[in-house]
Structure formats: C-alpha cells, structure tokens
Amino acid sequence: MKKLLLLLLLPLTLLAHMNIAVSYPYIGALTKSIGGKHINTVVLAKGNWDPHFVVPRPSLIAKVRNADALIMNGGQLEIGWLPPLINRASNPKTQVGSSTFLNLSHHVELIQKPQSVDRSGGDVHPDGNPHFHLNPENILTLGIAIKNFLISIDSEHKAVYEKNYEEFSGMWKEKLGMWKSKMANKNGLKVIQFHDNLAYFNKLYGLTSIGTIEPLPGVPPSSRHTINLIKLIKGEQPCCILHDVYHSTKTADYISSKTGIKVVLMPHDIGALEDIESLVSLFDYLTSAIK
Amino acid sequence: MKKLLSLSLVVSSLLMADTDMDQLKEQMNKQQLIIEKLMQKIEKLETTSNVTKPVINIDKEEVSQNTQKNDLPAKSKTFSQSSFMPDISLIADMSYVSRNKKNDVVEHLEVPGVAHGLLGSHTHDGNTHTPYNAKQGFNLNYAELSLSKSVDPSLNLNGIFHFSEDSVEIEELYFTTTGLGYGSRVKGGKFNSNFGYLNEQHHHYWSFADMPLVYESFLGMHGINENGIQFQWTAPTSTYLMIGAEVLQGNNEQMFGNSYIGSAESPTAASENAPSLYVGYVKTSFDIDDTTIFAGLSYAQGSSRVDHSSDDENPHAFVGDSSLYGIDLTIKHYFDSYSFLTWQSEILSRDMDGKQYNFDASGSVASSPDLIKQQSGLYSQLVYAPNKSWQMGVRYDSIFKNDVISNGVNQNKPSHLNKYSAMLEYHTSEFARLRLQYNKNNALYNEAGDKRSIETIILQANISIGAHGAHSF
C-alpha cells in the first residue's frame, strides 16, 4: 500500500519546476520555447481534434488540479469544455482572473467580431474569430504575452525567459520572411473552407475566403447549401477547398468531383497531421500546402 | 454634456421672458433643433469611440491602459451592471407518449416489494407527483432555468429551477468554493449527490428519456437530491482519483427519511435527528489512447422513513435504517471529435432493516413485523454517435435480487424484473435534440400480483437557449 502511494506521488516530486497547463498544443509549444527548462507544459486538447469539441475527460481534471498556471486561447473557443474542468479541479491557481491564469485572446486583435449575436446564425463566437494563432505574425504577439506572464509568476528567471524569447523571435522573424515570400504569389487567390478557421492566415497572405462548406458556423453541411456552393465555385473559380483535418471530407470530395476543385488539408495545430510536430512545421506545411 | 444643454435651454428661455409668446416659441424651436443636432453628434462620437479598438500589438500593461482609456467615458456615465449578469439558460423538455395501457391502469402498477407509482402521476400527501412522460399524449415535462456566476474570488453560486405545469421546485441551489486549493472543494446547499454516475447529472443530459429502473425504484425520479454539504478531494496524482463525502438532510421519498410517522403527539415511529444521510464515494479515471475508463464506488447510509400511511389501499410505513451501495463503470471510446461509443453501467444494491407498520382502516397499527429488504439492480447501456447529429442506443435494466423478509420469512417477491429500451436521437445543433425512445417494461405488476408488460414510445424534444451548457464527463 505504502509502495503504491509512493509510486503515485513520485511524479510530483520529479516536477519541481512550474507545471503549466495549456489548452491547445500550439500554446504548449510556444510556452515551452520561452519557458525552456524551467517549466513543464501539460497540453489538455489533442491537436487532431476539433478545438471547439474537446471531451472534458476526468484525466484532464487531474492535469488542471496539478497545474501551477493555466494558459488558454480564449475568445470562447474553450467554452464547451474548459469551464467544467476548472470547476472540478478547484485549483485556485487556474481560476479565471487569478494571476496565474492567462487568456491569450486578450492580447491580440480579434477579427470578425459580430455586430449582434443570435444562434439562428449558427454557433457564432461573440468575441470574434478565435483562431488567431493561424496568423504567424500573431505568434510573436502571443509570445510576448506568454513571456510577460512567465516573468510575472516567476520573476527569478526573468533573464532566461527574455533571452529565450529573443532567440525564438529572431528565428521566427526569419521564418516569417520565408513564409511571406512563399505565399507572395498566392495573394488574391479565392478559397473555400469548411469552417472559417483560417481567417487570420487568409487575411495575412491575401487569400479571399468566398464560402464555407458548413452553411453556418457549427451547422453540418446541407444539400441545398452544397448545391449553391457548387454554383458559386463554377462561377468564381476559387483555387481550392482548404479543409480542416477534423471534419469529414465527404462533402468536400463530392464538391470536388462535381467541379474539379482541389481539396487541400490544412492542419490547424501541432499534431493535426502526423508530421506536424512543431510551430515551425505547422506553418511550413500551411504555406506550402496550396500549390 | 446633455445636462449642460438642457440647462442652457432653461437659462435662455428665462432670458427671453419679456419677449412675446410667438417669438419665444420660434426661439424654442430653433434651440430644440440645435440640441437635437448636437445630441446626434454626441451619439455619433460615442459609438465611434466605442468601435475603434486600439491595435493591440504590444504588451500587457499597455493593452490594459489602452482599453481603460477607451472604455472609461462609456462606463462611467451610468450605473449599468449588465456585465455582471449571471449566465442564464433555459431548457425546455416536452414529449409525446404512447402506451399500450391507459393512464389509470399504469398509475396503479408497482415493482413488487420495491416501489409503486413509477409511471403515471399520483397524489401523495396532498402533493401531485408527476414523473416525466407520465401521461399518454403530450407532456410538458419541465422548463429548467439555470443561473450561475462567480460570487467573488472564492465562491461560485449555481441555481437551477424546475418549472412544471403545476409547481416550481428549486432543483439545485448551491455554492462551490474555488480557492481552497490542495484539490479540495466544498459545495453547500441543495444539490444532486455525486453518488454513482447518473445521480449528479440532470435529466437533459441523460441518454434516455427516463431514469434507469433501479434508480427510479430505489430512489425516486430525483435520485438523491438533498440539502446538505459536500466535500470532495482530488488526489495530486497523474491518474484522476477523487474522494468525496456528503452529509445530507436525508429526505428521500423512496428510501431515506427522519420525520415521525403518525400523529405528532403520539407518533407510531418517533423522528430521528437530522441530518441523517451520509454519502461517500471514490472515483477514478484514466485514458488508454482515445478510450476513457471511469469507475466509481459509492456508499450511502441513513435512517429510513417510507410513509405510505395515508394511502387508500394497504396503508403502511417503513421505519428503520438503510444502506445503499453503488458500483459504476463507464467506458467511452472516441473515433474522432464527434463520433463515439459509450458503455455505461451501474449496479445498485440496498439493504433496508427495520419495521413495517401496517395500518387498518381507522389508522391504528394492525401489525408491525420486522422487515428486511435486500435488493439489487443494474442498468447497462450502449450509446453510439456516428457524427454530431445522430446518436443511438440500447439499455437493459434489471432488478435481479428482491429479498423481502418479514419476521424472518422470505416473501418470495418476483426477482427477475427487467426493462428494455432503445433510442434514436437527432441533434439539430448542440442546443436541441429530438429523441425517439421505445421501452418494454416487464417489471410492473398490478395489485392482484399479475405481471403487466408495458410498452411505451416516447418522442421527446429537449431544447435550450442562453448560456452555453458545458458539461462535465
């Protein structure tokens, strides 16, 4: 019995450094690059699942319960799953509003903020489009927010976090240039999406999203909407359907068979596809996916 | 600004006091026009200052300063507290029911030795007790109004109110602590006990329109829903392990109670000290890839008063002590974000030990044999969701042990009582579901002791508006 208890408690003693729970893999990777060896990140959601629908599995309660801080995306992306975890975990360090809680959406400018909100318009995000991390320039802004957050809760390692951020941002800026030149000839392309989760990416690189396969946010495709979309595609000649990895591509494939439009899988996060293992590879992939 | 304008209007009209009426009126009209124009200008300015958000590409402190600067004029001008509004949601549940037996037949059926009046509404102590989907035809089961919000940095408050056609009930009203730390949480007020798996969940979260047979016949349609206090502790382990204890008032119509039976002056059975119900449980969960396994052991112990002394037929009452044991196991496998297969099962077992008082027509005790009830039942259900819009499932219910021992003699009550259910659900969105359910209930007997198989078809609509109802596992 004692042995069992010891075994159960062992992981705690090993984690002498800060244990930071984050909602999505991209936040984990970014936090890890800035926190380095002084922190340990625990990612709650899986990268290949719909970020709107994460199962609040009890194992996640244990992760939140044992966290020293919590960083979330915000913008209501986690509304359906994170509140019960925070509530169940009863950890004062992960309560909304505590000094060890960071809502990243408060640090970037959200686009597509609806003038009025009504669910007859689908499952809209009242605070604006929350998929802001898919603009790689925002990653730097988020990095600053995370750096300042880490410093505020662990001022002892201020110099380390600042140095790590400098290194990261130097590397990232170089990449930004590369991605920009890669995407330069895509400026002005028209695209179709399943759900408008690439809004920030499209905005940065001048892609125009002319339609979504779902008729309204969160509403599954309907045949009438699909027929209209096929007409639209025939008229407007968009380059491709940029499709997320978590919805079935059935409707997209059907549209493709009717119009000849390409279906391009666009990972939204680290782990969305097997070879997406880091923030860099995520954007490497995204910027070379459209051919 | 507006005040200043109206003030200037008053002052100017005073100054014009000696000019003649027509001139004055003309002046007034002019002034009014000017004011209106100015007002429009103000409104325009106000809205634009609200709309232009700063471009936030800088760090934390600067952001908060900017937002403060921007929000200040709008916010300081009123006492508006709308941003403190709690999260509100309203859930409506309604159904169309078709049965192979009429309402008045169904109302008199019982699960022998376990419970009576499970289906159909019946009056008990002057209260009409209407289970969900009670009547043939259309049923308005409830409107559930739910309010919740942080009270302050250390407390949350939740209120859940059940409106039915003839009553309003406080279904739950409780505070929870948020700042205790060490994985501990205290909940106080009226709430659904965390006994077992299903008990804490609200009706609209269940996968079937009705409660499992064993829950409904042992604990009634509300389960263990009590006033009291709960303490839960989550262990600091990487595997989820939660231990909880509850002290509850102990008023459950079917199983627990502490009030006297009979008249207040010379009761047949005296009252017990309250609170009189104690609940404890251990729950654990872990994942194997995309499969989550969740298991729990629960125990409830309390004094019992089951009062049917004012029933028309066979008035009786049970007085004693009862224990309830629960084992639950849920295995949920996720194929992707929307598609899953869940196998959920619970075994409940109870031990009731005391005296049964049988009353005669005049209300005096005719006999009072020692009574022991040892009963066990289970439900096991399988639910498959191929996508976001559809779910389908089957459930098997059984009461497989039914020993009722009166003065040492087993009453040989029927012990293979079961029920079969199947359902198909369509979700128009996360916020609305339509469910078609079929039940075949083989657990009900009439007063003559003959089995009456009941077949029911329920078409249920469960629809919600307002705050996003995030649910725990």
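Below is a summary of the structure that appears in this document. (Residues numbered from 1 in each chain as written. Chains lettered and ligands numbered in written order. Predicted model: local features only at pLDDT ≥ 70, side-chain atom pairs only at ≥ 80, totals over all residues. Heavy atoms only, no water.)

**Points about the sheet that holds strand E7 (residues 240-243) of chain A**
Residue and element names in this part refer to chain A.
Next up, step 1: With parallel pairing, the four strands of this open sheet are ordered in space as E6-E5-E7-E8. Each of the sheet's edge strands pairs with one partner strand only, and the pair in question is strand E6 (208-212) and strand E8 (262-265). Taking each pair of neighbouring strands and ignoring which way they run, the sheet shows an average axis angle of 35 degrees.
Next up, step 2: Strand direction decides the pairing type here: E7 and E8, joined by four bridges, are parallel. Pairing of Leu242 across the sheet is with Val264, part of E8. (Pairing = 2+ DSSP bridges. Helix = DSSP H or I, 4+ residues; strand = E, 2+ residues; numbered from the N terminus. Axes fitted to C-alpha atoms, helices over the stretch in contact; angles between N-to-C directions.)

**Examining empty space enclosed by the protein**
Residues and elements named next belong to chain B.
Next up, step 1: Scanning the model with the defined rule gives four cavities of 30 Å³ or more in all.
Next up, step 2: Taken as a whole, the largest cavity encloses approximately 230 Å³ of empty space.
Next up, step 3: Going through the elements one at a time, helix H5 (213-219), strand E23 (432-441) and strand E24 (454-466) are the ones with two or more residues in the lining of the largest cavity.
Next up, step 4: Its residues assigned to classes, the lining of the largest cavity comprises eleven nonpolar, five polar and four charged.
Next up, step 5: Counted as a void, the second largest cavity has a volume near 120 Å³.
Next up, step 6: Together, 14 residues line the second largest cavity, and Glu171, Gln201, His203, Trp206 and Met221 are the ones closest to its centre.
Next up, step 7: Here the residues of the lining of the second largest cavity are counted per class, giving four nonpolar, eight polar and two charged. (1 Å grid on protein atoms, 1.4 Å probe; cavity = no way out; pocket = protein on both sides within 12 Å on 5 of 7 lines; lining within 4 Å. Points joined across faces, edges and corners; volume = space filled by probe spheres on them. Nonpolar A, V, L, I, M, F, W, Y, C, P; charged D, E, K, R; others polar.)

**Focus: the interface of chain B and chain A**
Next up, step 1: Facing the 51 residues of chain B at the interface are 41 residues of chain A.
Next up, step 2: In total, chain B and chain A occlude about 4000 Å² of area from one another, counting both sides; carbon and sulfur atoms represent 54% of this.
Next up, step 3: At the junction of chain B and chain A, the tally comes to three salt bridges.
Next up, step 4: Linking Asp287 of chain B and Arg57 of chain A is a salt bridge whose minimum nitrogen-to-oxygen distance equals 3.6 Å. (Contact = heavy atoms within 4.5 Å. Buried area = accessible area lost by both parts, 1.4 Å probe. Salt bridge = Lys/Arg side-chain N within 4 Å of Asp/Glu carboxyl O.)

**Regarding the pattern of salt bridges**
Next up, step 1: All chains considered together, the criterion is met by 15 salt bridges over all chains.
Next up, step 2: Between Lys46 of chain A and Asp290 of chain B there is a salt bridge, with the nearest N and O atoms lying 2.5 Å from each other. Here the residue Lys46 of chain A occupies a position in the loop between strand E2 (39-43) and helix H3 (58-65), and Asp290 of chain B occupies one in the loop between strand E14 (277-288) and strand E15 (291-308), the pair thus bridging two chains.
Next up, step 3: The partly exposed category is assigned to Lys46 of chain A, whose relative accessible area is 30%.
Next up, step 4: As a salt-bridge pair, Arg305 of chain B and Glu272 of chain B come within 3.7 Å of each other at their nearest N and O atoms. Of this pair, Arg305 of chain B sits in strand E15 while Glu272 of chain B sits in the loop between strand E13 (267-269) and E14, placing them 33 residues apart in sequence.
Next up, step 5: Its relative accessible area of 41% is what places Glu272 of chain B among the partly exposed residues.
Next up, step 6: Linked by salt bridges that have partners in common, Asp210, Arg395, Asp397 and Lys419 of chain B make up one network. (Buried < 20%, exposed > 50% of the residue type's maximum accessible area, 1.4 Å probe, protein only.)

Read these as layout, nothing more, since geometry by itself doesn't imply function.
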